[in-house]
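Chain by chain, the residues:
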Amino acid sequence: MRRYADRVFGLLVRLMCLLSLLLLGFMIFFIVYESIPAIRDVGLKGLLLSRTWRPIIYKDHPEYGMLNMIISTLYVSALSVAIALVIGVGCALFLACRATDRQRRAVMPYIDLLASIPSVVYGFIGLYVVVGFIEKCGRAAGESVLAGGIVLSVMILPYMISSCCETMVHIRDRVSPGSTALGLPRWYMASQLVLPCSVRGIMISMALACGRAMGETMAVMMVLGNAIGVPSLLGKGETISSLIALEMGMAEVGSTHFSALYTAGLVLLVLLLAINLIFELIRRRLAKGGLI
């Protein structure tokens with residue numbers, strides 16, 4: 001009876017895995033299929049290398065250049081991951097190596113709770129706190145790439161802390177008996193043993209956080225300014241996800257504009273895949289060199 005139950009369970013797991021792969025394949029096929037008209041009419045060079053996005057203003061000569069949005073997406077995501085990395089790794093290292101198990105169990109639910117807060121709430125807070133602070137510092141308009149990076153860093157912080165802390169606790173439990181027997185200080189164990197051995201987990205958390213940051217829409221749309229121009233740290237910008245959210249509702253179904261927005265989604269998907277592959281290659285290179 002137990003053997004029969006194990007076979008049924010294994011079959012169900014395989015079916016769920018196959019269903020997940022089919023759903024992913026269907027989404028990719030659907031996005032690619034809807035993107036073909038824009039790629040055919042405008043061309044990949046015009047879509048990816050042009051900086052001008054004017055699908056409606058000039059109907060006689062519409063332009064669908066996405067380069068500025070691609071740069072804004074990468075800029076905001078990289079800035080948010082850089083900010084969250086420092087805070088997240090430091091917080092995870094403290095919880096894993098300095099806080100007691102009781103203190104960690106008391107704090108972690110509240111950190112995980114940050115991940116369940118709706119993005120529009122983060123957008124409101126960022127609009128009144130971060131944007132307001134930048135305007136008080138002398139800027140005419142506080143909506144900027146910097147504001148978007150700060151808000152996004154807070155949003156992805158729970159993912160980085162939870163992932164890094166779990167890895168560091170596992171490594172601490174493995175090296176703690178030996179370091180205690182040798183009389184090593186706790187700070188030495190944390191900085192010279194736990195942290196270097198956690199590079200793999202940190203990189204995985206960075207990849208997950210980067211994917212979360214690049215796909216975020218509402219909060220970024222509220223604080224970034226949504227200006228289609230060359231992005232700068234204190235200037236406005238517009239990400240790919242914000243572009244799709246703002247214009248999909250007014251794009252005529254079947255038009256080149258409608259297809260170009262699907263192409264923007266395809267570009268975002270390719271960027272996410274490329275970033276994950278880069279992190280995986282770096283992780284393998286470090287593992288091959290014996291660094292992790």
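Refer to the preceding data block for the structure.
Reading the values: the criteria
Residues numbered from 1 in each chain as written. Predicted model: local features only at pLDDT ≥ 70, side-chain atom pairs only at ≥ 80, totals over all residues. Heavy atoms only, no water. Core = buried A, V, L, I, M, F, W, Y, C linked by side-chain atoms within 4.5 Å. Buried < 20%, exposed > 50% of the residue type's maximum accessible area, 1.4 Å probe, protein only. Contact = heavy atoms within 4.5 Å. Axes fitted to C-alpha atoms, helices over the stretch in contact; angles between N-to-C directions. Helix = DSSP H or I, 4+ residues; strand = E, 2+ residues; numbered from the N terminus. Left-handed = near helix turned anticlockwise from the far one by under 90°. Nonpolar A, V, L, I, M, F, W, Y, C, P; charged D, E, K, R; others polar. Polar contact = N/O pair within 3.5 Å; in protein donor to acceptor, adjacent residues only side chain to side chain. Expected span 1.5 Å × (residues − 1). Bend = angle between axes of the 7 residues up to and from the residue. Parallel < 35°, antiparallel > 145°, perpendicular 65-115°, else oblique. Phe/Tyr/Trp six-rings, centres within 6.5 Å; stacked < 30°, edge-to-face > 60°.

Formed by 68 residues in total, the largest nonpolar core has its most connected members in W53, M66, L95, V151, M168, V194 and I240. Residues contacting W53, with those up to four places away along its chain left out, are E63, Y64, G65, M66, M69, I228, L243, E247, H257, A260 and L261.

Moving on, we come to the packing of helix α3 (residues 67-97) against helix α6 (residues 145-181). Relative orientation of the contacting elements α3 and α6 amounts to 35°, with a least axis distance of 5 Å. Here α3 runs over α6; the crossing is right-handed. In terms of residue class, the contact of α3 with α6 is built from 27 nonpolar, five polar and one charged.

Another point: the side chain of E216. For E216, the position within the fold is in the loop between α8 (199-215) and α9 (218-223). Judged by relative accessible area, E216 falls into the buried class, the value being 7%. Reaching out from E216, the side chain makes a polar contact with the side chain of S119 at a distance of 3.3 Å. Only 3.3 Å separates the side chain of E216 from the backbone nitrogen of M218, close enough to count as a polar contact. Filtering out sequence-adjacent residues up to four positions away, E216 remains in contact with S119, L152, M155 and S241.

This part is about the side chain of T73. Position of T73 relative to the elements: it lies in helix α3. Looking at T73, the relative accessible area reads 1%, which means it is buried. Here M69 takes part through its backbone oxygen, which lies 2.8 Å from a polar atom of the side chain of T73.

A few words now on the environment of E135. Positionally, E135 belongs in helix α5 (residues 119-136). In this structure E135 touches A140, A141, G142 and E143, once residues within four positions along its chain are discounted.

As a further point, take α5. Relative to the 26 Å expected for 18 residues at 1.5 Å per residue, α5 spans 24 Å between its end C-alpha atoms, a close match to the ideal helical length. At G126, α5 shows its largest kink, close to 40°. Along α5, the residues classified as buried are S119, Y122, G123, G126, V130, V131, G132 and I134. Looking at the buried side of α5, the elements it contacts are α4 (101-114), α6 and α9.

Attention shifts here to the packing of α4 against α6. Here α4 crosses α6 at 155°, and the two axes come no closer than 9 Å. Taken together, the axes of α4 and α6 lie roughly antiparallel to each other. Crossing of α4 against α6: the hand is left-handed. Each of D101, R104, M108, I111, D112 and L114 in α4 lies in contact with α6, whose residues at this interface are P158, I161, S162, C165, V169 and R172. Of the residues contributing to the contact of α4 with α6, the split by class is seven nonpolar, one polar and four charged.

Across all of its chains, the model carries six aromatic pairs by this definition. Aromatic side chains F29 and Y33 sit 6.1 Å apart centroid to centroid with 20° between the ring planes, which places their arrangement in the stacked category. With F29 and Y33 both in helix α1 (residues 2-42), this residue pair falls four residues apart, about one helical turn. By relative accessible area, Y33 is classed as exposed at 51%. The structure contains a cluster of three or more aromatic residues connected by ring pairs, namely F26, F30, F258 and Y262.

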